[in-house]
Amino acid sequence: MVAPMTSDQRQRQVESHKIKLLTVLNAQAARPARLKRHVDPERDWYAIAKRVKLQQAARHEESGSSGKATAVLELPLDKEDKVAESEQDAFSSHFAPESALLSALEHNDEAWRSSSADHAVVGRLTTCLPSGSKGLPSDKSTINPTLLDKLKTYGQARYGSQTPATAKWLSETLASYLDVSYTTVDLDERDALRAAAAMHAMNHIYKTRSKVLKNNEYLAKKEETLKGKERETRDQGFTRPKVLVLLPLRNAALAWVKLLTQLSLAAQVDNAARLDKDFGLPEDAIDRLAEEGTARYPADHVETFKGNIDDEFRMGIKVTRKAIRYFSEFYSSDIIVASPLGLRTAIEKEDDADFLSSIEIVLADQLDVMSMQNWEHVQFVFKHLNQIPKESHGCDFARVKPWYLDGKAAQLRQTVLLSSLDLPEHRSLFGTALTNRAGKLRTERAHEGTIKLVTSGIKQVFDRFEVSDMLKEDDERFQVFTQRTLPMLTRSAVASSNTLIFVPSYFDFIRVKQHLRKSLKEELSFAAISEYSTNSEVARARTLFFQGKVNFLLLTERFHFFKRYRIRGAKTICFYALPDHPQFYSEYLSYPFHQREDQQNSSLDPSEVTAFVSFSRFDYLRLERIVGTEDARRMVMADDTERFTFM
């Protein structure tokens, strides 16, 4: 038999069970909790990073005061690393964890001062500096010698020994990490400007990668030793992507991706076949625009629309030391190439724009083409740049630069805008979305005017209407058209037929179209064409107008931009407003003299053709591209007359 336990034995058994239970509870409490996928967007990332930094400093002090011998870690730096870490290098100074650009200047985003001066290379240059700035930075980002050699090889193959001076200027300017709005891109220099910007982007990627890898090695060896020589390791943003290339069409994206690859250090390219498949034309497709070329269409139209012209795309590019991978996932990519529409659909579908939180360079090419798409998409993308991310995405906050945590990344981001036109939308973007504290530049040029290309003898009447408030200009312009221009056209025996009415804006087009339906007399008729018209609707309207079965033909600038059809049958051209593209003005005034190939040359005399133009002082940018800078200033500022006639 088992002897019964005494009271002391029972008490010791109870205490033993308590100890075991406490041990189990402590072990369970010590287990790390599972990480939740959702991260509170309101978390104070800066406080988290600061706490981690303090904990590291405390451990460092404890190890230093232990009295044990410590090994001093000195990492060897190769030539490229020494260049990247030099304080005189713009890459290191501009994107330093404690950037002097943010600490030395007055933090007033509204306070900028600007000045303009003639420039030997780009014509006229407007410089904008933030409040407190002493001038443009003098530091330049040193270029990787291999990349520089590749750029020279590309330039010699494309231009021979006559590389455009504008490309050299752009390359030197970008090396200072200034914002640039280059609004005077000519077709013959576009490839050189693209190459300069692409090389700068690749140089930035390789410098960033080199610094991160060196710091990874430093931290790994420092953990193996008790102490290492202190080195700045705050070298990252929230996410990996550092360069955004914003483009309007897939054909431009294909050219840019191939250019970035050509100007890289990559010996291997992954998914190259997929790039040609997704961004090129199918193998059995015939590119009639490229085949017919400039024999039928203007050169700028051919270069813009040959190839794949889909406007919804996005892709990531991952860059390593010896390889480039296309179509990498955004959060593992270094470069994002996308259209504004492609990015917007991705962001709205996933409700995630965190991959844009750490963009340090934005290259927006063919901004003039984007203005013919939906400009709101461009504004949407810039609005979502450099925002505090909603989730951590595996970020090591101890290595995040403080100005990222403070939400000031946009004040160091470099933005490059390339366009063939200087448009009000571009100037607005330049003034509001470009906040680089290093400064920003905008190019301008004096225009001779495309009116010089118009056939001599055509009467061209420019009527200026007065408007004091830009917000009321649309209503004032519509009133001028309905009360002055249209009655004049309908009363004229000549202008009441064979009249083409050019309306740049689609919203104005709808407004004028509705008015014509209500106001035209029964004996007068019109047809209308816009960018949304079907091919059959376009063909029918053009035929009716050419045959004289309708008196007026109403069309939009976007229709002409995308189609570039020659409209035959017009003798009077009425510009409701001037086109953004100055070549459209001279093209429309040349159409009355164009005949089909199977017809004899036109016997129409230039004196039988007339053009009427309405403009206000807010149309100055458009006006100077058409009549020339000097005449535009005179026409806008003149007090003694509101009507100007050119022959």
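Residues numbered from 1 in each chain as written. Predicted model: local features only at pLDDT ≥ 70, side-chain atom pairs only at ≥ 80, totals over all residues. Heavy atoms only, no water.

- An unreviewed UniProt entry lists the protein under the name U3 small nucleolar RNA-associated protein 25, from Mixia osmundae.
- Quoted verbatim from the Subunit (unreviewed entry) field of UniProt, the annotation for the protein is "Component of the ribosomal small subunit (SSU) processome composed of at least 40 protein subunits and snoRNA U3."
- UniProt, in its Sequence similarities (unreviewed entry) section for the protein, records the words "Belongs to the UTP25 family." (UniProt positions renumbered as here; feature names shortened; annotations may be inferred.)

Some details on the overall build of the protein
Here comes step 1: Along the backbone of the protein there are 24 helices and 18 strands.
Here comes step 2: Counting across all 647 residues of the protein, residues that qualify as buried make up 49%.
Here comes step 3: Look at the contacts in the protein between residues 6 or more apart in sequence, and 78% of them connect residues 24 or more apart.
Here comes step 4: Accessible surface, the protein: about 33100 Å² in total, of which carbon and sulfur atoms supply 49%. (Helix = DSSP H or I, 4+ residues; strand = E, 2+ residues; numbered from the N terminus. Buried < 20%, exposed > 50% of the residue type's maximum accessible area, 1.4 Å probe, protein only. Contact = heavy atoms within 4.5 Å. Areas by Shrake-Rupley, 256 points an atom, 1.4 Å probe, with all protein chains shown as cover.)

Regarding the packing of aromatic side chains
Here comes step 1: Tallied over the entire structure, the rule returns 27 aromatic pairs.
Here comes step 2: Centre to centre, the rings of Phe 502 and Tyr 588 are 5.3 Å apart; their planes meet at 65°, and the pair counts as edge-to-face. You can see Phe 502 sitting in strand 13 (residues 499-503) and its partner Tyr 588 sitting in helix 22 (residues 582-590), a full 86 residues away along the chain.
Here comes step 3: Judged by relative accessible area, which is 0%, Phe 502 ranks as buried.
Here comes step 4: Of the aromatic side chains, those joined through ring pairs into one cluster are Phe 462, Phe 502, Phe 575, Tyr 585, Tyr 588, Tyr 591, Phe 615, Phe 644 and Phe 646.
Here comes step 5: The ring of Phe 430 has Lys 440 lying over it, and the distance from NZ or CZ to the ring centre is 4.8 Å. (Phe/Tyr/Trp six-rings, centres within 6.5 Å; stacked < 30°, edge-to-face > 60°. Lys NZ or Arg CZ within 6 Å of the ring centre and 35° of its normal.)

Thoughts on the environment of Phe 584
Here comes step 1: Inspection of the secondary structure assignment puts Phe 584 in helix 22.
Here comes step 2: Sequence separation between Phe 584 and Phe 561 is 23 residues; the distance between their C-alpha atoms is 8.5 Å.
Here comes step 3: Setting aside residues up to four positions removed in sequence, Phe 584 forms contacts with Glu 557, His 560, Phe 561, Arg 564 and Pro 579.

A few points about the packing of helix 9 (residues 250-262) against helix 10 (residues 272-279)
Here comes step 1: The N-to-C vectors of helix 9 and helix 10 enclose an angle of 160°; their axes lie 9 Å apart at closest approach. Between helix 9 and helix 10, the interaxial angle falls into the category roughly antiparallel. Regarding helix 9 and helix 10, the two cross each other, and that crossing is left-handed. Along its contact with helix 9, which presents Arg 250, Ala 253, Leu 254, Val 257 and Lys 258, the element helix 10 presents Leu 275, Asp 276, Asp 278 and Phe 279.
Here comes step 2: Residues belonging to the contact of helix 9 with helix 10 are distributed by class as follows: five nonpolar, no polar and four charged. (Axes fitted to C-alpha atoms, helices over the stretch in contact; angles between N-to-C directions. Parallel < 35°, antiparallel > 145°, perpendicular 65-115°, else oblique. Left-handed = near helix turned anticlockwise from the far one by under 90°. Nonpolar A, V, L, I, M, F, W, Y, C, P; charged D, E, K, R; others polar.)

Focus on the nonpolar core
Here comes step 1: Ranked by size, the top nonpolar core spans 68 residues in total, and within it Val 245, Met 315, Ile 317, Ile 335 and Val 337 carry the most contacts.
Here comes step 2: At eleven residues, helix 8 (residues 190-224) tops the list of elements feeding residues into this core.
Here comes step 3: Apart from the residues within four sequence positions on either side, Ile 335 is in contact with Met 202, Ile 205, Val 243, Val 245, Leu 260, Met 315, Gly 316, Ile 317 and Val 319.
Here comes step 4: Core analysis: the second largest hydrophobic core is formed by 39 residues, Val 538, Ala 570, Ile 573 and Phe 615 among them. (Core = buried A, V, L, I, M, F, W, Y, C linked by side-chain atoms within 4.5 Å.)

What about helix 22?
Here comes step 1: Of all the nine residues making up helix 22, seven are buried; the element is thus mostly covered by neighbouring parts of the structure.
Here comes step 2: Where helix 22 is concerned, the buried positions are Pro 582, Phe 584, Tyr 585, Ser 586, Glu 587, Tyr 588 and Leu 589.

Overview of the sheet that holds strand 16 (residues 572-575)
Here comes step 1: Taken in spatial order, the seven strands make up an open sheet running 14-15-13-16-17-12-18, and their pairing is mixed. Bordering the open sheet on either side are strand 14 (526-529) and strand 18 (643-646), each of which pairs with just one other strand. In this sheet, neighbouring strand axes are inclined to one another by 15° on average, regardless of whether the strands run parallel or antiparallel.
Here comes step 2: Relative to strand 16, strand 13 runs parallel, the two being bridged by four bridges. Bridge pairing links Thr 499 to Thr 572 in strand 16.
Here comes step 3: Sheet strands touched by helix 22: strand 12 (459-464), strand 13, strand 15 (552-556), strand 16 and strand 17 (610-615). Its angle to strand 16, the strand with the most contacts, is close to 160°. (Pairing = 2+ DSSP bridges.)

A short note on unusual backbone geometry
Here comes step 1: With a phi angle near 60°, Phe 327 is a residue other than glycine that sits in the positive phi range.
Here comes step 2: When you line up the elements, Phe 327 lands in strand 7 (residues 323-328).
Here comes step 3: With relative accessibility at 16%, the residue Phe 327 sits in the buried group.

Some thoughts on the sheet that holds strand 9 (residues 361-364)
Here comes step 1: Read across the open sheet, the eleven strands follow the order 1-2-11-3-10-9-4-8-6-7-5; overall the sheet is mixed. Across the chains shown, the open sheet's two edge strands, defined by having one partner strand only, are strand 1 (112-119) and strand 5 (268-270). Each strand axis lies, on average, 15° off the axis of its neighbour in the sheet, ignoring direction.
Here comes step 2: In terms of strand pairing, strand 4 (residues 243-246) meets strand 9 through four bridges, oriented parallel. Residue pairing in the sheet places Val 245 in a bridge with Leu 363 of strand 9.

Here's the deal with the packing of helix 23 (residues 620-627) against helix 24 (residues 629-637)
Here comes step 1: Look at helix 23 against helix 24: their axes get within 7 Å of each other, and the N-to-C directions meet at 135°. Taken together, the axis directions place helix 23 and helix 24 in an arrangement best described as oblique. Considering how the two elements wind past one another, helix 23 and helix 24 form a crossing that is right-handed. Contact residues: helix 23 offers Tyr 620, Leu 623, Glu 624 and Val 627, while helix 24 offers Thr 629, Asp 631, Ala 632, Arg 633, Met 635 and Val 636.
Here comes step 2: Taken together, the residues that form the contact of helix 23 with helix 24 break down as six nonpolar, one polar and three charged.

So, the pairing of strand 1
Here comes step 1: Two strands pair when backbone bridges link them, and strand 1 and strand 2 (residues 123-130) are joined in this way by eight bridges, in the antiparallel orientation. Residue pairing in the sheet places Ser 116 in a bridge with Thr 126 of strand 2.
Here comes step 2: Where strand 1 folds back onto strand 2 in an antiparallel hairpin, the turn is made up of three residues.

Here we look at the side chain of Arg 190
Here comes step 1: Tracing the chain through its elements places Arg 190 in helix 8.
Here comes step 2: Relative accessible area serves as the criterion here: at 11%, Arg 190 is assigned to the buried category.
Here comes step 3: Residues contacting Arg 190, with those up to four places away along its chain left out, are Tyr 159, Val 185, Glu 303 and Gln 366.

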